[in-house]
Amino acid sequence: MSTRSRPAFREGGLTVLANRTTRPGVVPATWPPRTAVVTGASSGIGREAALLLAAGGCSSLLVGRNGAALDEVAAATEGHRIAVDLAEPGSELAVASRASELLGDVDLLVCSAGLGAAGPYDMMSPDAIAQLVAVNVLSPMTLVRAMLPAMLDRGQGRILIVGSIAGALGVRGEVAYSATKAAMVGFADALRAEVAGRGVTVTLCVPGVVDTPFFHRRGAPYVRRWPRPIPAALVAERMLEATGRGRADVWVPGWLRGAVRVHGAAPSMYRKLAGVFG
Ligand SMILES: NC(=O)c1ccc[n+]([C@@H]2O[C@H](COP(=O)([O-])OP(=O)(O)OC[C@H]3O[C@@H](n4cnc5c(N)ncnc54)[C@H](OP(=O)(O)O)[C@@H]3O)[C@@H](O)[C@H]2O)c1
């Protein structure tokens, strides 16, 4: 264990990075992770994940665009950073090559970078749609594509994708965003099935409303009284715990899964309720 000073963290948070005693051969020996690549590490959920990983002794490559914010997280975690626009084609190769150079084998890839968009779909510009797809869909897909072969070669690795409840339910006023996050459901499911039994796990995190700069950045604040936004640190903790356990998915807060079950079992009733409660 490194002697570096640990960032302050929520009480109990470190237990999510504890060694798991699982049946040999079922869960690959990459937990707690020694090395990680974290996209979206400059803010919100990705930032909290990076802090938690560092507190557990993991060395990370922090990915984002905001150099000053990355510097701050890198200083707190003694991590490495790369400032890159993930919407740019080829950026995933720069990240993968820097990770290999600085970290060697990567135990964990966290894809948290993302952006939102709110407003009527018929008013949305094609450029804004393309930007959303580039960051929320193409970037995690191409980054996983760049890093997966090394994980498969080693027979070890964890992939954690941050989706959204909007991808499971489809939220009015967030049509393009919902579509990008729905794409991550299919991506994670198919990838998990394809790599099953080869030492690589794929976990999809499905958060509800999280208290981060996400809403401010998209230019439309969160105004509903319910559900109340939950802390980003809680999401980071739950999603890393689920990843450590090799779970297929994790819903934060957990009751979201119930809402999706109603949606699946009784779609017309769900649509009526959604029409009433928004
Ligand atoms: N907040 C919520 O209520 C909520 C709910 C469900 C799901 N999510 C998902 O959770 C993930 C994290 O969001 P958050 O709430 O933590 O939001 P956030 O605080 O706004 O963080 C977004 C992160 O994505 C990075 N990013 C955005 N565009 C990028 C680009 N073109 N290139 C590189 N990095 C880029 C940002 O980096 P820079 O600032 O350095 O560019 C930032 O680190 C997203 O995938 C989001 O869709 C959020």
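Please refer to the structure placed before this passage.
Residues numbered from 1 in each chain as written. Predicted model: local features only at pLDDT ≥ 70, side-chain atom pairs only at ≥ 80, totals over all residues. Heavy atoms only, no water.

Tell me about the site of the ligand, residues and numbers included.
Of all residues adjacent to the ligand, which total 30 residues, the nearest are Ser43, Arg65, Tyr177, Thr212 and Arg217. In this structure, glycine 114 approaches the ligand through a main-chain N or O atom, which is 3.2 Å from an oxygen atom. Contact between the ligand and valine 210: an oxygen atom at 2.8 Å from a main-chain N or O atom of the residue. If the ligand stood free it would expose 890 Å²; the protein chains cover 98% of that surface. Every element with two or more residues in the shell around the ligand is listed here: helix H1 (44–55), helix H6 (175–195) and helix H7 (214–218). Considered class by class, the residues forming the shell around the ligand number 14 nonpolar, 12 polar and four charged. (Near = heavy atom within 4 Å. Polar contact = N/O pair within 3.5 Å; in protein donor to acceptor, adjacent residues only side chain to side chain. Areas by Shrake-Rupley, 256 points an atom, 1.4 Å probe, with all protein chains shown as cover. Helix = DSSP H or I, 4+ residues; strand = E, 2+ residues; numbered from the N terminus. Nonpolar A, V, L, I, M, F, W, Y, C, P; charged D, E, K, R; others polar.)

So what about H6? Which residues, and what values?
Its 21 residues place the ends of H6 31 Å apart at the C-alpha level, agreeing with the 30 Å of an ideal helix rising 1.5 Å per residue. Taken residue by residue, H6 has Ala176, Tyr177, Ser178, Thr180, Lys181, Met184, Phe187, Ala188, Leu191, Arg192 and Val195 as its buried positions. Along its buried surface, H6 packs onto helix H4 (126–154), strand S5 (157–162), helix H5 (166–169), strand S6 (200–207) and H7. Just downstream of H6, glycine 197 is the residue with a positive phi angle, here 80°. (Expected span 1.5 Å × (residues − 1). Buried < 20%, exposed > 50% of the residue type's maximum accessible area, 1.4 Å probe, protein only. Contact = heavy atoms within 4.5 Å.)

Let's hear about the nonpolar core: which residues, and what values?
Residues Val37, Val95, Val144 and Ile159 are the most contacted members of the largest nonpolar core, which totals 37 residues. Of all the secondary-structure elements, those providing two or more residues to this core are strand S2 (59–64), helix H3 (91–103), strand S4 (108–111), H4, S5, H6, S6 and helix H9 (256–265). Broken down by element, this core gets its largest block of residues, six residues, from H4. Setting aside residues up to four positions removed in sequence, valine 144 forms contacts with Leu109, Cys111, Pro149, Ile159, Ile161, Phe187 and Leu191. Residues Leu53, Cys58, Val110 and Met239 belong to the second largest nonpolar core, which totals 32 residues. (Core = buried A, V, L, I, M, F, W, Y, C linked by side-chain atoms within 4.5 Å.)

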